[in-house]
Amino acid sequence: MSEHEGTPRSLRISFEFEVPRGLKGVNIPGTSVQKALDTMADRIIGLSESLFPWAGKVAVRKQWVYHWTDYEETIKLPANDKNTPK
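Below or above, wherever it landed, is the structure these notes cover. Note that the structure is a prediction, hence the values are computed from the model and not measured.

## Remarks on the layout of surface pockets
Estimated volume of the largest pocket: approximately 2600 Å³. Lining the largest pocket are 49 residues, and of these Ile13, Ser14, Phe15, Arg61 and Lys62 sit closest to its centre.

This is the structure we're talking about:
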């Protein structure tokens, strides 16, 4: 089978650890964040051999996000014969 055959598949698992708004007097150093991200990635990768043995590679995305302009909105689309149960 060529590398272009079949359906590409990925498993994505996300975690968001929120620092509460208004938490006074707490400065979270970048080195602490990086150490936490590295530790979590190492542990997940260590588990992957036995839990996801068919994986050929893993992409690790590390982010420290400020949600100043982040919002999500769910918009209900009009019903039609393809998106409505019969």
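Alright, that's what it looks like, and here's the rest.
## Remarks on a nonpolar patch on the surface
A surface patch of nonpolar side chains, about 770 Å² in accessible area, is lined by Val19, Leu23, Val26, Ile28, Trp64, Tyr66 and Trp68. Along the polypeptide, valine 26 turns up in the segment before helix H1 (30-51). The exposure class assigned to valine 26 is partly exposed, which follows from its relative accessible area of 47%.

## Observations concerning the pattern of salt bridges
According to the stated counting rule, one finds 1 salt bridge in the structure shown. Two residues, lysine 62 and aspartate 38, come together in a salt bridge whose shortest N-O distance is 2.4 Å. Here lysine 62, found in the segment after H1, pairs with aspartate 38, found in helix H1; they are 24 residues apart in sequence, far enough to count as distant. For aspartate 38, a relative accessible area of 28% gives the class partly exposed.

## What about the packing of aromatic side chains?
Within this structure, the stated rule accounts for 3 aromatic pairs. Ring pairs connect the aromatic residues Trp64, Tyr66 and Trp68, which therefore count as one cluster.

## Topic: H1
Taking 1.5 Å per residue, 22 residues should reach 32 Å; H1 reaches 31 Å between its end C-alpha atoms and fits that length. Listed as buried for H1 are Val33, Leu37 and Ala41. Along the axis of H1, the buried positions cluster into a sector of 60°, meaning they face one direction only. Residues Thr31, Lys35, Asp42, Arg43, Gly46, Glu49 and Ser50 are exposed on H1 and point more than 90 degrees away from its buried face.

What counts, and at which threshold
Residues numbered from 1 in each chain as written. Predicted model: local features only at pLDDT ≥ 70, side-chain atom pairs only at ≥ 80, totals over all residues. Heavy atoms only, no water. 1 Å grid on protein atoms, 1.4 Å probe; cavity = no way out; pocket = protein on both sides within 12 Å on 5 of 7 lines; lining within 4 Å. Points joined across faces, edges and corners; volume = space filled by probe spheres on them. Patch = residues over 30% accessible without salt bridge, like charges linked within 9 Å, V, L, I, M, F, W, Y side chains within 5 Å. Areas by Shrake-Rupley, 256 points an atom, 1.4 Å probe, with all protein chains shown as cover. Salt bridge = Lys/Arg side-chain N within 4 Å of Asp/Glu carboxyl O. Helix = DSSP H or I, 4+ residues; strand = E, 2+ residues; numbered from the N terminus. Buried < 20%, exposed > 50% of the residue type's maximum accessible area, 1.4 Å probe, protein only. Phe/Tyr/Trp six-rings, centres within 6.5 Å; stacked < 30°, edge-to-face > 60°. Expected span 1.5 Å × (residues − 1). Arc of directions from axis to C-beta.

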